[in-house]
Structure formats: C-alpha cells, structure tokens
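Descriptive structure summary
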Amino acid sequence: MMESLPLETAEKIILRWDSTASEDARDKMIFAGDRDEADLYLQAVDEIQRSLSSVSVSEKVNSAIQIAMARLEDEFRNILISHTNPFDPTTEDEPSQTLDPPSSSSSPRHPHNDSDENDEVSQTSLLRFHSEGAASSVNSSYRSNSCIREIDLIPSDAVYDLRCIAERMVSSGYLRECIQVYGSVRKSSVDASFRKLGIEKLSIGDVQRLEWEQLENKIRRWIRAAKVCVRTLFASEKKLCEQIFDGVGTAIDDACFMETVKGPAIQLFNFAEAISISRRSPEKLFKILDLHDALTELMPDIDIVFDSKSSESIRVQAAEILSRLGEAARGILSEFENAVLREPSRVPVPGGTIHPLTRYVMNYISLISDYKVTLNELIVSKPSTGSRYSGDPGIPDLDLSEFEEKTPLDVHLIWIIVILQFNLDGKSKHYKDASLAHLFVMNNVHYIVQKVRGSPELREMIGDDYLKKLTGKFRQAATSYQRATWVRVLYCLRDEGLHVSGGFSSGVSKSALRERFKTFNAMFEEVHRTQAVWLIPDSQLREELRISISEKLIPAYRSFLGRFRSHIESARHPENYIKYSVEELEDAVLDFFEGTPVSQHLRRRSE
Amino acid sequence: MPATTENNQGSFLGRISIRRNQVLSMDGTHDQEMEDLELFQKHVADRFSELLSSTTEDSSGDALLSISWLRRLLDEFLCCEAEFKAVMLMGRDPSQIAKPPLDKLLPEFLDRVVKSLDICNAVTLGLDAVKNLQRLAEIAVAALDTTPLGDGQVRRAKKALAGLIAAMLHEDNANAKGTERNRSFGRRSGNNAGSNSKDRVRSLSWTMARNWSAAKQIHAMMSNLNAPRGAEASGLAQPIYIMSTVLVFVMWALVAAVPCQERNGLGTHFPLPRQLAWAQPMISLQEKIAEEWKKKEKKGNVGLLEEMQRMEKLGQSLVDFAESFQFPPETERLDEVKKQVEELGEICKRMDEGLEPMQQQIREVFHRVVRSRTEFLVVLDQAGKLSAPTV
C-alpha cells in the first residue's frame with residue numbers, strides 16, 4: 001500500500017512522461033520497464049483524478065489529465081502490440097476431430113465416377129463409403145456437443161496492466177479512445193490469425209466464378225477453420241475483453257469485442273453465404289449438406305459467443321445463411337428430379353445394358369441415404385407427383401396414398417426411381433428391336449433393385465412394398481422379352497400344319513417340314529448372332545434368363561427333332577435342314593447376352 | 001402447411017401453381033400487361049422524382065447523399081424491386097420470361113444482381129468505417145463541450161480531429177500502409193496523431209477481397225446496359241432494363257457516398273437514357289452527384305456522404321481553432337466554437353441513429369435480390385434456358 005502522493009509530485013511525474021515534451025519520454029515505455037515505475041505512474045494518475053473532483057480544478061490539473069490519458073493510450077497500445085502473436089492453429093486445433101465423413105473424401109464420392117465402371121467396382125466403392133460412414137458415424141460427428149475452448153491470448157500480468165490502464169481511461173471519460181485502440185490492435189491480430197488458418201478473402205463474385213471442385217476443397221477447409229474460429233479464436237477474444245474490461249464501465253467489453261471480431265466474423269460467414277446462393281446443380285448437394293451440418297453444429301457456439309445485443313446481427317446472419325443452405329439443398333433436390341425426368345439422351349445404349357443415367361441416379365440416391373438424418377429434417381414436403389396434377393403427360397403418375405407412413409424424403413426417393421423408370425421407358429422406345437427394348441428395361445430395373453437390396457438404409461427408406469413392385473417390373477420385362485423373341489421361333493416347331501391326310505408319306509408334308517427347319521435355323525441363327533452381342537451385366541440374371549429360354553427351347557426342339565428327323569434324313573441333303581443337334585443348341589444358348597459377337601459360321605452338324 | 005410451401009416456392013408446388021395460372025391467363029390479359037408495364041415505369045419515375053425534389057435548396061427535405069436520403073433511396077429500391085418481380089412473374093406464364101430476347105437479358109440482369117451483393121457488403125463495411133469517424137468526432141465533441149475549456153481538452157480534441165480529417169482525406173492507395181503493429185515507436189513524432197489515426201481508420205475498416213474494386217464492379221455492372229429498341233421496347237425487356245438501371249444507380253450512389261475499397265475511377269460516367277421520360281429524375285440526381293464528385297476529386301475523397309462532408313468542414317474549422325488556442329480563450333470565439341461543436345454533435349447523433357438501420361436496410365436489399373434471383377433462376381432452369389452453371 002503506497003501512501004498517497006502529493007499533487008505536485010503527481011503532476012511532475014505526469015509531465016515527466018509527456019511524450020510531446022521530451023525525447024526521453026518518447027523512447028521508453030513505462031509499462032515495459034520497471035514495475036515500480038509503472039505503479040508510480042498509475043498512482044500519479046489516480047492522484048490527478050482524485051483532485052479533479054475537488055471544487056476548483058486548476059488548469060494545470062486539467063492539462064495534466066489529458067497528458068496522462070494520452071500517455072496511457074500509448075502505453076495501452078504498446079502492451080497490446082507486444083502481445084499479438086497470431087494464433088497457432090496446429091496447437092489449437094480440436095483433437096477430437098474424427099475421421100472425415102465420407103463426403104469429404106475426394107472424387108470417388110462423386111456420383112458420376114461410377115458410370116463407366118463395371119458393376120463390381122462400383123459395388124466396392126459404394127461399400128467403401130458405407131463402411132467409412134459406419135466407422136465415423138457420419139452425422140453424429142457433425143452433431144457432437146459444443147466444445148468451446150478459450151485460450152489465454154495475453155499473459156495475465158499484461159492483462160492486469162491493461163486493466164489498470166483501462167480503468168483509469170474509462171473513469172476519466174476516455175472510453176472511446178480506449179475502444180479505438182483496443183479494436184484496431186486486436187483486429188490486426190485476428191486478421192493475422194485468419195491468414196494462418198488459411199481463411200481466404202473471397203468476394204461473392206469470386207466464389208461464383210470458381211469451379212465447383214475447387215470450391216469443395218475450400219468448403220472442407222472452411223468447415224475446419226470455422227470451428228476453430230468460433231470455438232477458440234472468437235471465444236478467446238471475448239474472454240480477453242472480459243478479462244480487461246469486465247466491470248469497467250457499462251458493456252465496454254461487448255463494445256471492444258465487437259470492434260475486434262465483427263469484421264472478421266462477417267468475412268468468415270461471407271464464404272458460406274456465397275456458397276448458399278450459388279447456382280443450383282445436383283452435384284453440389286452433398287457438400288452443401290456438409291456445410292449446413294457444420295453450421296448447424298456451430299450455431300449453439302455462435303449463440304454463446306455472440307450473445308450480446310450488439311452482436312445480434314452476426315447471430316442473425318449465421319441463422320440466415322443456415323436457412324439458405326437448407327433452401328439450396330431443397331432446391332437442388334428438386335433440380336435433380338427435374339434433370340432425371342428431362343434427361344434427353346436418345347442414343348440407345350449398345351447391347352441394352354445399364355444406362356449411365358441409371359448408375360448416376362442410383363449412386364446419387366445412395367449418397368442421399370447417407371445424409372438421411374439431415375435431409376429428413378430439411379425435406380418436409382412430399383413431391384407433388386403425377387400427370388393427374390399437372391395434366392402433363394411427360395410426368396409419370398405416383399399414388400402417394402400408398403406411402404402415408406413414409407417420410408417425405410423416402411417418398412422423394414421412390415419418386416426419383418419412378419421418374420428414372422419413366423425416362424428409361426422412353427429411352428427403350430428408341431431401340432428398333434422390341435426385344436432389345438424389353439431387355440434394356442429388364443437390365444436397368446434389375447440394377448435398381450440390386451442397388452436398393454444392397455443397401456440397408458436404402459432398402460428401409462424405399463420399403464419392401466415398392467421393391468416388390470420393381471422386382472415385378474423387371475420380371476415382367478423378362479417375360480415380354482421372351483415373348484417378343486421366342487414366340488415366333490418356337491412357332492416353327494409347332495405340330496400343326498405339318499400333317500397331311502392321305503398320300504404316300506406318313507402324313508407329313510415334307511416340303512412344309514423342310515420349310516420349317518429352314519425357317520427355324522435362319523431365325524435361330526439370326527437371334528443367336530444378334531443377341532450374343534446383347535449384354536446382361538448381372539451374371540445371375542443372365543443365367544436365369546438363359547435357363548428360362550432353354551427350358552422352352554430345348555424340349556421343344558428335342559421333341560420336334562425326335563418326331564420329324566427321320567423324314568428329313570430319308571431325303572436328300574438333310575444337313576441343309578437339320579443344322580443343330582440338341583447339344584449344339586444348348587451350347588449356343590450359352591452365347592446369349594455375353595456382349596461379344598460369335599463367329600458367323602456356326603458349326604454344322606457333323607456328318 | 002404454409003411454412004413448407006414457402007420453402008418449396010422454387011420447386012414442385014411453386015411450379016404447379018404457376019401452371020394453373022397458365023390455364024387461366026390467356027388472351028385478354030394483354031392489355032392488363034401493358035398497363036402493368038406502364039405503371040411500373042411511372043412509379044419508378046415518381047419515386048425518383050420524390051428523391052430529387054427533396055434535395056433542392058429550398059426544400060426542408062433530406063439533403064442529397066445524407067444518411068436519411070440514402071435510407072429513402074434504399075426503401076424506394078425495395079419498392080421498385082417488389083413491383084418488378086410482380087410484373088415479371090405474377091399471373092404470367094413463366095416460360096414467357098425464358099423467350100428471346102429475355103433469355104439473354106434476364107441472365108445479364110441476374111449477373112448484375114450478383115455483382116451488387118459484393119457492393120452491399122463493401123458498403124456495409126464502409127459504414128463501419130464511418131462509425132469510427134463518428135467515434136473520433138464524439139471524442140472531439142465531448143472534449144470541447146466542457147466549460148471551462150482548457151488546454152487539456154483542446155489538445156484532446158485536436159488529436160481526435162486531426163485523426164478524423166486525415167482519415168477522411170486519405171486515398172485508398174495512400175502510403176499509409178501497415179497496421180498498428182508495424183509502427184516503430186522510437187521514431188514517433190509528438191504530432192503523429194495524423195498518421196496514428198490514418199492507420200486507425202485503414203485498419204479499422206475490414207477490407208474486401210484483394211484486388212476487389214468498387215469502381216470496377218460498378219463499371220462491370222454498367223456494361224451492356226442498353227435501352228431496348230424497336231419491338232423489344234414494348235415487351236418485358238423494358239422493365240428488365242429499367243430495373244437494371246435502378247439497381248446500378250442505387251449501387252453507384254452508395255459507392256459514391258460511402259467509403260469502400262477502391263472507389264477511385266468511379267468517375268461520373270453513367271450511361272442513362274436521355275430520351276426516356278422515366279429516367280429524367282434519375283438523370284438529374286446523377287448529374288448532381290457527379291458535380292459533387294468533381295468538386296472533391298482533387299482533394300481525394302473517401303465518400304460524399306453528406307454528414308461526412310459537413311463533419312470534415314467542421315472538423316477543419318475546429319482544428320484551426322484548436323491550433324490557435326491559448327488559455328484563457330476569448331468569448332466570441334468560444335461562442336462560435338460552441339455552435340460548431342453543437343452541430344458536430346448533431347451530426348454524430350444522426351450517425352448514431354441512422355448508420356445501424358442503414359446497414360440493416362442494405363442487408364434487406366441483399367436478401368430480397370437474392371430471393372428474386374433464385375426464383376428467376378428456377379424458371380429459367382426449367383425452361384432449359386441456362387447454360388450449365390459454372391457455379
């Protein structure tokens with residue numbers, strides 16, 4: 001406890017440190033030097049202040065207080081500046097950051113990438129995503145509890161000094177100068193920290209011009225940086241303001257905090273805002289959902305850090321951005337559905353195999369199922385479906401009453417599959433060969449079924465009822481195919497029309513029989529040649545269809561041969577008419593749907 | 001479920017209701033349309049007429065480029081925007097706005113909208129810088145408002161005012177680089193209050209992206225801003241042109257008034273259609289503002305905001321007073337100073353009351369144009385009229 005100074009002494013001390021008056025005063029900083037010196041100065045200031053409240057205030061005292069305040073302002077600035085170490089993100093980064101959720105791994109995640117790969121590979125990559133998803137519990141890692149972690153930006157003895165100075169400045173009515181200095185120094189520091197965290201200054205125009213792939217990277221980095229910013233950087237600045245200014249006048253800590261972080265906070269959120277207003281296209285959905293989830297997770301922390309009245313605008317802005325991101329997600333889903341419906345390619349896929357659109361859509365839906373927790377919150381209305389609604393025959397019908405129990409998101413997925421099929425049906429009509437059209441539909445619907453069956457989430461969302469419908473559809477297509485191709489082939493092997501009454505032959509028209517054999521051979525050969533090139537990618541389905549064909553074809557042929565071969569063999573050049581043995585026919589069926597051509601010359605029946 | 005239909009405005013339900021309108025609004029509405037277009041023109045003209053008339057010498061209205069005048073400008077903009085959207089989208093077959101030449105004009109307009117968003121942000125930041133000027137002025141007011149007025153108070157005021165003036169005169173590319181951290185104390189002069197505060201204002205105003213320039217942005221918005229001619233002039237191309245012009249004008253006026261990054265070169269060139277009636281009030285306003293700009297160009301100005309201009313004048317006068325001050329002061333001088341201090345205090349009060357709401361209004365403008373843009377994009381996308389978006 002020091003004794004109070006006599007006023008004269010105090011004045012002398014103040015004047016001694018008047019930086020406008022002496023070189024010496026300018027070159028040294030009180031608070032950077034001897035502790036006693038600083039205490040003495042503060043005491044002097046207190047004495048001057050005390051004397052201000054007396055009845056008559058001398059001009060000297062008036063002047064002295066201003067000199068003291070100017071000096072303190074400089075000291076204040078100096079202390080602040082000597083402790084602006086930019087924030088080191090490597091040490092402050094959250095250790096609890098778990099595996100990145102599947103969405104943030106690179107390109108394989110992109111729904112387009114599987115379109116050229118064969119089924120097996122795409123199956124594996126999907127599985128990889130699923131297992132990653134399970135390991136990091138996708139959505140729960142983004143919804144972990146708030147973890148604000150403040151650090152001490154300035155050592156406590158410096159904080160103490162700052163506080164001492166602030167008290168005196170504020171009580172002398174120099175509050176504004178104090179805020180001004182504090183804000184400008186700390187703001188520079190935050191700026192430097194931002195650079196270290198890799199936060200870029202991008203205008204909205206910049207963001208609109210960048211390629212989405214580049215933006216995906218930036219989004220990823222932004223999410224990491226934003227968490228550190230809100231939970232540690234801003235929170236620590238707030239703590240610092242409280243440490244220095246709490247109790248020193250009214251709401252000064254709030255004012256200083258806003259001075260410091262308002263600009264940076266707006267800059268930070270500007271990026272998310274720019275993303276939320278970017279043009280909508282399907283591939284953006286998942287990164288936007290990532291951004292949405294990250295911001296959702298941050299909102300409680302934002303509410304805590306920016307809880308004062310003066311920082312309301314920042315909270316409001318963050319909430320607005322979040323809402324826009326949700327809208328964007330909804331809009332993109334709608335865009336996607338439109339795009340699937342209107343996808344215009346008319347060039348038929350060779351061999352009737354899986355259309356790239358099918359792959360793309362199923363991959364996309366699969367990703368949607370990964371994000372179902374968030375999307376179930378965002379997607380609140382079911383699709384308004386069907387030509388009944390719009391009178392537009394270009395839109396398929398879907399009876400929503402069957403799906404009362406389902407969430408809107410689930411119904412959207414079903415709707416997407418409905419639209420996909422609708423589109424595929426349209427595409428199938430571009431095949432000249434009706435059989436191929438049926439095969440195409442069969443292949444693609446089967447692919448859809450397999451994808452849904454292969455994913456527990458999808459299966460649960462789509463539901464077994466609809467799955468059954470889909471299964472029925474591809475089976476129906478298979479049947480239609482068989483009818484389209486084989487009815488006329490088997491027609492050659494019918495009994496009727498071959499027998500004649502009377503005459504020397506045993507009741508069989510040899511010419512008719514020869515015709516039959518010739519026709520059968522020609523037809524089969526053509527079908528064989530054509531359909532060997534067709535493709536059923538799924539081996540099991542391929543097998544099943546072949547077996548089904550064989551089951552009808554082989555017995556019919558065997559029986560036909562059995563009954564009528566003698567008539568041919570008793571005449572000339574039987575080999576012109578009986579080209580296939582039963583075994584050869586069975587082998588030939590194995591060529592079907594392999595996707596590769598067979599040689600033109602079929603083995604003739606060996607003599 | 002009203003909440004959700006709002007959310008789905010851009011998607012299915014929105015589409016469905018537009019289709020229903022399609023059936024209803026067939027022929028017979030053509031006259032109604034023409035009327036709507038004419039009304040829109042008239043309303044725009046009226047609104048800017050109002051804004052113009054309040055700036056004349058003898059009116060008691062808001063001075064040109066004052067805070068309250070700018071706030072009214074923003075309000076009028078919101079009204080124009082709302083009417084524009086109604087004209088373009090309501091009761092109309094949406095595919096109409098995707099037909100040529102609109103399929104080119106509308107995306108151009110939307111591009112200008114995106115550019116205006118950055119301007120909104122820059123101006124908002126600029127208003128924060130003005131708040132800092134306000135704070136400096138408040139220091140001076142608080143200091144000079146004391147009686148008896150002593151050396152101490154005057155010195156304090158002088159320091160704040162010197163900072164204020166320096167901040168208002170510095171050019172964007174001034175050599176006042178560096179932040180608080182980089183100044184070396186050893187070489188400080190006693191009267192470095194000037195550079196002190198220059199740094200203050202510069203570092204206090206958060207900057208936009210590197211290389212971003214408000215002037216360039218405005219110029220980019222002006223490109224291809226041509227009045228529709230011939231047959232096009234009677235269709236929807238006209239309101240698009242009008243709205244584009246309004247948008248560009250408002251942004252231009254804001255940038256002229258408020259400090260923001262790189263205003264140099266904003267210049268006064270503004271291609272307004274001299275021959276169109278609705279544009280006359282706007283042209284007059286533009287000429288007035290251009291005149292102001294020319295006056296200040298030599299000295300370098302950070303913004304034509306009326307309160308800032310007056311603040312600078314008062315600040316200069318008070319600094320002169322402060323520099324020649326000797327205790328005890330003469331009473332006549334004091335009376336004069338008192339008046340000026342009062343006026344300065346009044347300006348601070350206006351800023352205190354008006355800057356924050358103005359920032360909120362700008363934010364509202366931001367929201368509105370974004371929302372409208374989204375709606376337009378949905379219609380254009382559906383009509384397949386947009387090239388695949390880069391972003």
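Residues numbered from 1 in each chain as written. Chains lettered and ligands numbered in written order. Predicted model: local features only at pLDDT ≥ 70, side-chain atom pairs only at ≥ 80, totals over all residues. Heavy atoms only, no water.

1. Structural notes on the overall build of chain A
The secondary structure content of chain A amounts to 24 helices and zero strands. Evaluated residue by residue, chain A yields a buried proportion of 57% over its 607 residues. Sequence-distant contacts, at least 24 apart, represent 81% of the contacts inside chain A between residues at least 6 apart. Within the structure as shown, chain A displays about 25700 Å² of accessible surface, and the carbon and sulfur contribution to it stands at 52%. (Helix = DSSP H or I, 4+ residues; strand = E, 2+ residues; numbered from the N terminus. Buried < 20%, exposed > 50% of the residue type's maximum accessible area, 1.4 Å probe, protein only. Contact = heavy atoms within 4.5 Å. Areas by Shrake-Rupley, 256 points an atom, 1.4 Å probe, with all protein chains shown as cover.)

2. Describing the overall build of chain B
A tally of regular secondary structure across chain B gives 12 helices and zero strands. Ordering the α and β elements of chain B from the N terminus gives α-α-α-α-α-α-α-α-α-α-α-α. With 391 residues in all, chain B has 55% of them scored as buried. Of the contacts made within chain B by residues no fewer than 6 positions apart, 80% connect residues no fewer than 24 positions apart.

3. A word on the nonpolar core
Formed by 305 residues in total, the largest nonpolar core has its most connected members in F76(A), W222(A), F234(A), F269(A), Y557(A), V246(B) and M311(B). Residue contributions to this core peak at 21 residues, all from helix α5 (residues 102-144) of chain B. Each residue touching W222(A), except ones within four places of it in the same chain, is listed here: L268(A), F269(A), F271(A), A272(A), L291(A) and L295(A). (Core = buried A, V, L, I, M, F, W, Y, C linked by side-chain atoms within 4.5 Å.)

4. Considering the packing of helix α18 (residues 408-428) of chain A against helix α21 (residues 464-491) of chain A
Residues and elements named next belong to chain A. Taken N-terminus to C-terminus, the directions of α18 and α21 make an angle of 15°; their axes are 12 Å apart at the nearest point. Between α18 and α21, the interaxial angle falls into the category roughly parallel. In this structure, α18 meets α21 at a crossing whose hand is left-handed. Contacts between α18 and α21 involve I414, I417, V418, Q421 and D425 from the first element and Y466, L470 and K473 from the second. Among the residues making up the contact of α18 with α21, the classes are represented as five nonpolar, one polar and two charged. (Axes fitted to C-alpha atoms, helices over the stretch in contact; angles between N-to-C directions. Parallel < 35°, antiparallel > 145°, perpendicular 65-115°, else oblique. Left-handed = near helix turned anticlockwise from the far one by under 90°. Nonpolar A, V, L, I, M, F, W, Y, C, P; charged D, E, K, R; others polar.)

5. Some words on the packing of helix α22 (residues 510-532) of chain A against helix α23 (residues 539-569) of chain A
Residue and element names in this part refer to chain A. Two elements in contact, α22 and α23, have axes separated by 11 Å at closest approach and are oriented at 145°. In this structure, α22 crosses over α23, and the sense of that crossing is left-handed. In contact with K510, L513, R514, R516, F517, F520 and F524 of α22, α23 contributes L553, Y557, F560, L561, F564, H567 and I568. In the contact of α22 with α23, the residues fall into 10 nonpolar, one polar and three charged.

6. Concerning the confidence of the model for chain B
Low-pLDDT portions of the prediction should not be read for the details of their coordinates. All names here are of chain B. Averaged over chain B, the pLDDT score is 80; the fraction of residues at 70 or greater is 80%. Mean pLDDT across the elements of chain B bottoms out in helix α1 (residues 2-7) (39) and peaks in helix α4 (residues 67-89) (95). Segment residues 1-26 is flagged for pLDDT under 50; beyond a separation of four residues in sequence, or across chains, it makes 31 contacts in the model. Long-range and interchain partners of residues 171-204, a stretch whose pLDDT sits below 50, account for 65 contacts in this model, where long-range means more than four residues apart. Confidence estimates for the predicted assembly give a pTM of 0.84 and an ipTM of 0.84. (pLDDT = per-residue confidence, 0-100.)

7. Structural notes on the pattern of salt bridges
In a structure, side chains of opposite charge can pair up when their charged atoms sit close to one another. In total, this model carries 63 salt bridges over all chains according to the counting rule given. The closest approach of N and O atoms between R563(A) and D495(A), which form a salt bridge, is 1.9 Å. Placement of R563(A) in helix α23 and of D495(A) in the loop between α21 and α22 is noted, with a sequence separation of 68 residues between them. Judged by relative accessible area, which is 36%, R563(A) ranks as partly exposed. The exposure class of D495(A) is partly exposed, given its relative accessible area of 28%. With its nearest N and O atoms 2.9 Å apart, the salt bridge here joins K115(B) to D111(B). (Salt bridge = Lys/Arg side-chain N within 4 Å of Asp/Glu carboxyl O.)

8. Some thoughts on the packing of aromatic side chains
Inspection of every chain in the model, using the stated rule, returns 32 aromatic pairs over all chains. When the centroid spacing of 6.2 Å and the interplanar angle of 35° are considered together, the rings of F194(A) and F234(A) count as tilted. Linking F194(A) in helix α9 (residues 175-196) with F234(A) in helix α11 (residues 212-245), this pair joins segments that are 40 residues apart in sequence. Residues F194(A) and F234(A) agree in their burial class; the two are buried. An aromatic cluster is present here, built from Y481(A), W486(A), F520(A), F524(A), Y557(A), Y580(A), F592(A) and F593(A) joined pairwise through their rings. For the cation-ring pair, R494(A) lies above Y491(A), with the distance from its terminal atom to the ring centre recorded as 3.6 Å. Between the NZ or CZ atom of R363(B) and the centre of the ring of F366(B), over which it lies, the distance is 4.9 Å. (Phe/Tyr/Trp six-rings, centres within 6.5 Å; stacked < 30°, edge-to-face > 60°. Lys NZ or Arg CZ within 6 Å of the ring centre and 35° of its normal.)

9. Focus: helix α12 (residues 252-276) of chain A
Residues and elements named next belong to chain A. Over its 25 residues, α12 runs 34 Å from end to end, which matches the ideal 36 Å to within 8%, given 1.5 Å per residue. Along α12, the largest kink reaches about 45° and is centred on V261; proline P264 follows within four residues of it. Judged by how many residues are buried, α12 sits mostly within the fold: 23 of 25 residues are covered. (Expected span 1.5 Å × (residues − 1). Bend = angle between axes of the 7 residues up to and from the residue.)

10. Re the state of the cysteines
All names here are of chain A. This model, assessed by the stated rule, comprises zero disulfides over all chains. There is no disulfide at C178, and the cysteine sulfur nearest it, in C256, is 6.0 Å away. The thiol sulfur of C256 is not disulfide-bonded, and the nearest other cysteine sulfur, from C241, lies at 5.5 Å. (Disulfide = S-S within 2.5 Å.)

11. A look at α11(A)
Bending of α11(A) peaks at approximately 40° at the position of C229(A). Two residues or fewer past α11(A), G247(A) is found with a positive phi of approximately 85°.

12. Observations regarding unusual backbone geometry
Between P100(B) and P101(B) the backbone carries a cis peptide bond, its omega angle lying at -5°. Tracing the chain through its elements places P101(B) in the loop between α4 and α5. For H573(A), which is not glycine, the phi torsion reads 45° and is therefore positive. Positionally, H573(A) belongs in the loop between α23 and α24 (582-589). Positioned with a positive phi, E262(B) is a non-glycine residue whose angle comes to about 60°. What makes E262(B) partly exposed here is its relative accessible area of 26%.

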